[in-house]
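# Structural characterization, general
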Amino acid sequence: MPRIYFPKIPLILQKPDNLEAAQVATELVFRTIPSIGKIQLRNFLQSVYNLDVAAVHTINYEGKKKRHPRTGLYYRRPDWKKAYVYLNTPSVTSPVTEPPLVEK
């Protein structure tokens, strides 16, 4: 039996900026760990989610430095990467709207 490789890539889908972009999505925004590359992310989305990816743009963010309120010690939030994924064919998502009215 052949082995199947499932990569452990944490992806968090970010909320779109406007409602029109939420209905027919040609651009998706993900938050992930910094060690993921563009090619690896593209291959993952194409193989697991069957998305037709046109381009991937990434931005690295450094974690914020914080100070604990009680102890006064400094700590740091983890670094993260924001990935903009552009699709060739739009992905239809359900819009965030009010529930439909039921007539009596």
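Read on for a plain summary of the structure. Just so it is clear, the model here is predicted, and its values are computed rather than measured. All residue numbers refer to positions counted from 1 along the written sequence of the respective chain. The model is predicted, so local features are restricted to residues of pLDDT at least 70 and side-chain atom pairs to those at 80 or more, both for listing and for counting; the totals for chains, interfaces and linings are taken over all residues. Remark: hydrogens and water are excluded; side-chain values derive from all non-hydrogen atoms of the structure.

With that settled, the discussion passes to helix H2 (residues 38-48). Remark: exposure states derive from per-residue accessible area (1.4 Å probe, protein chains only) relative to the maximum for the residue type, with buried under 20%, exposed over 50%, and partly exposed in between. Here a strand is any run of E in DSSP of at least two residues, a helix any run of H or I of at least four, and the numbering for each starts at the N terminus. Listed as buried for H2 are Leu41, Phe44 and Leu45. End-on, the buried residues of H2 take up no more than an arc of 95°, which puts them together on one face. Residues of H2 that are exposed and point over 90 degrees away from its buried face: Ile39 and Ser47. Phi turns positive, to about 55°, at Asn50, one or two residues after H2. Directions from the helix axis toward the C-beta atoms define the arc.

Examined against the element boundaries, Lys81 turns out to sit in strand E6 (residues 80-92). A positive count includes Lys and Arg, and a negative count includes Asp and Glu. His and the chain ends are not counted in either. When a carboxyl oxygen of Asp or Glu lies within 4 Å of a side-chain nitrogen of Lys or Arg, that pair is called a salt bridge. The charged side chain of Lys81 is buried without a salt bridge, its nearest counter-charge being Asp79 at 11 Å. Pairs of N or O atoms are called polar contacts if they sit within 3.5 Å, as long as, within protein, a hydrogen donor faces a hydrogen acceptor (for residues adjacent in sequence, only side-chain-to-side-chain pairs). Reaching out from Lys81, the side chain makes a polar contact with the backbone oxygen of Ile36 at a distance of 2.6 Å. Aside from chain neighbours lying at most four places away, what touches Lys81 is Phe30, Arg31, Thr32, Ile33, Pro34, Ile36, Thr58, Ile59 and Asn60. By the convention used here, residues are in contact when the closest approach between their heavy atoms is within 4.5 Å.

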